[in-house]
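Understanding the architecture of this molecule
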Amino acid sequence: MHRYLDCNATYPQLKVSLEAMVEAANAAPGNPSSLHWAGRAARRIVDDARDKLAAFIGAEAGGIVYTSGGTEANNIAIHSVLSTSKPGRIVTTAIEHPAILKPLETFASANPEWELIKLRPNGDGVVTAESMAAAINEETRLVCLMYANNESGAVQPVEAVAALCRKASIPMLVDAVQMLGKKAVRFNDLGIDFMSLSAHKIGGPKGVGALLVRRGVKLTELAPGGGQERGRRSGTENVPGIAGFSAALGKVDFSTCEAVRNLFEAELGKRLPRAEVVSLQASRTPNTSLVILPGLDGETLLMQLDLAGFAVASGSACSSGKREPSHVLLAMGVSELKARSSLRVSFGPDNSSDDALALVEALVSADKRLKGMAGITA
Ligand SMILES: Cc1ncc(COP(=O)(O)O)c(C=O)c1O
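Please read these numbers as outputs of a predicted model, since none were measured by experiment.

Thoughts on the pairing of strand β6 (residues 172–175)
Burial of β6 is two-sided: the residues M172 and V174 facing one way and the residues L173 and D175 facing the other way are all buried. Pairing between strand β5 (residues 140–146) and β6: four bridges, direction parallel. In the sheet register, V143 faces β6, and the bridge partner there is M172. Across three bridges, β6 lies against strand β7 (residues 194–198) in parallel orientation. Pairing of D175 across the sheet is with S196, part of β7.

Topic: the domain arrangement of the protein chain
By convention, interface size is frequently given as the accessible area that disappears when the constituent parts associate. Domain boundaries in the protein chain define domain 1 (3–11 + 253–373) and domain 2 (15–248). Taking only C-alpha atoms into account, the centre of domain 1 sits 28 Å from that of domain 2. Between domain 1 and domain 2, the contact holds 28 residues from the first and 31 residues from the second. Buried surface at the junction of domain 1 and domain 2, summed over both partners, amounts to about 2300 Å²; 53% is from carbon and sulfur atoms.

Let's talk about the pattern of salt bridges
This structure, assessed with the given rule, holds 19 salt bridges. Between D355 and R3 there is a salt bridge; the shortest N-O distance is 2.7 Å. With a gap of 352 residues between them, D355 in helix α14 (residues 353–373) and R3 in strand β1 (residues 3–4) connect regions that are remote in the sequence. In the salt-bridge network here, residues are joined through shared partners; they are R3, D354 and D355.

Quick look at the sheet that holds strand β12 (residues 342–346)
Reading across from one edge, β9-β10-β12 is the order of the three strands in this open sheet, with antiparallel pairing throughout. What marks the edges here is a single partner per strand, and that holds for β9 (276–277) and β12. In terms of strand pairing, β9 meets strand β10 (residues 288–292) through two bridges, oriented antiparallel. Following the sheet pairing, E276 is matched in β10 by I292.

Considering the pairing of β10
Where burial is concerned, most of β10 is hidden: five out of the five residues are buried. Alternating residues of β10 divide into T288, L290 and I292 and S289 and V291, and every residue in both groups is buried. In this structure, β10 lies alongside β12, joined through five bridges in antiparallel fashion. Bridge assignment links V291 to a residue of β12, and that residue is L343.

Observations concerning the nonpolar core
In terms of nonpolar packing, the biggest core is built from 94 residues, with I57, M195, F245, F264, L293 and L363 touching the most fellow members. At nine residues, α14 tops the list of elements feeding residues into this core. Among the domains, domain 1 (3–11 + 253–373) and domain 2 (15–248) are the pair contributing at least three residues each to this core. The next biggest cluster of nonpolar side chains, apart from the first, holds 20 residues, and it includes I78, C144, L173 and L219.

Some remarks on helix α11 (residues 298–307)
Listing the buried residues of α11 in full gives G298, E299, L301, L302, Q304 and L305. Close packing links the buried residues of α11 with β11 (310–311), β12 and α14. The first or second residue beyond α11 is G309, which carries a positive phi of 95°.

The rules we used
Residues numbered from 1 in each chain as written. Predicted model: local features only at pLDDT ≥ 70, side-chain atom pairs only at ≥ 80, totals over all residues. Heavy atoms only, no water. Buried < 20%, exposed > 50% of the residue type's maximum accessible area, 1.4 Å probe, protein only. Helix = DSSP H or I, 4+ residues; strand = E, 2+ residues; numbered from the N terminus. Pairing = 2+ DSSP bridges. Domains from an automatic or database assignment. Contact = heavy atoms within 4.5 Å. Buried area = accessible area lost by both parts, 1.4 Å probe. Salt bridge = Lys/Arg side-chain N within 4 Å of Asp/Glu carboxyl O. Core = buried A, V, L, I, M, F, W, Y, C linked by side-chain atoms within 4.5 Å.

As structure tokens, this is what we get:
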């Protein structure tokens with residue numbers, strides 16, 4: 001039996017989203033930039049999707065730039081700010097997704113006159129607003145803070161940091177990829193300059209996302225070309241992808257996962273008392289559980305669970321194939337050994353209590369087997 005418990009990596013595309021893609025491809029064969037009927041039909045699909053997303057997220061339609069996903073949205077915002085600012089300080093956190101950390105680190109190492117500050121979280125996996133306030137100074141040119149962490153689910157103090165940045169007129173980029181659909185997100189209310197979103201985390205297609213840009217903020221293109229998206233992101237729009245993103249909006253209700261997630265953690269605590277739940281004291285996205293199982297290797301566990309039909313993640317979230325220990329756990333002060341013993345379970349509303357209990361059962365069996373292989377009896 002196959003059980004999918006890796007919804008933070010991607011949420012299986014919804015049927016309504018797939019159907020919307022097929023319909024868009026059939027009904028609107030033209031290029032949205034073409035003036036004829038076929039182009040106008042495609043343009044209408046993109047415009048309607050933009051209006052719907054704007055209403056959904058509390059943004060202005062004119063501030064939505066469709067992209068190939070969260071990674072590109074982050075890169076566009078980062079490039080735009082850093083390529084047009086005088087050298088100064090960039091403030092971010094050590095627990096951001098590589099789609100933030102990599103572009104910032106690459107930029108900072110090529111431009112040593114810039115200072116990159118990566119703040120560490122507290123033991124609950126939260127970077128406090130106080131530590132952000134202490135790091136932001138007059139030289140700060142950009143602040144990047146994720147809304148919710150992809151590995152632990154810990155929600156970060158975005159509202160408080162946004163208020164700080166607004167007061168100091170510092171551009172702020174919020175990576176909201178893991179927050180969308182899980183808790184309320186209102187772009188305009190935050191008063192920030194940029195927010196990144198991705199369709200495939202909410203049941204939309206992979207390879208589509210959006211960058212939200214505050215009114216009045218000028219965007220410098222990352223890949224210049226035909227000037228689509230009001231000259232902010234060139235390239236013919238992914239019309240079926242945008243339609244599929246739009247159709248998925250609001251369709252997956254992650255709030256219902258909380259009871260199943262809590263059951264999993266409670267049962268695991270009973271059956272394997274040495275298991276530790278990461279960020280338990282923090283406000284978390286309702287579907288996410290990051291657990292440390294001391295003495296077990298996360299990768300080995302992942303393979304054993306895979307054989308038993310469970311799709312879960314170990315350590316680093318979006319690229320579950322790699323062997324480095326989770327940078328999020330290391331930043332939280334967890335030892336490398338323990339960080340290698342982590343497992344991320346991310347539920348979706350289709351998961352039942354049965355899935356949660358079956359996973360605990362599988363973990364208990366794996367624990368027995370792996371201990372047996374290591375010759376441990378107690
Ligand atoms: C927090 C976060 N940001 C960015 C991304 C990248 O988004 P995409 O896969 O759409 O490029 C992901 C996951 O993939 C993520 O979890």
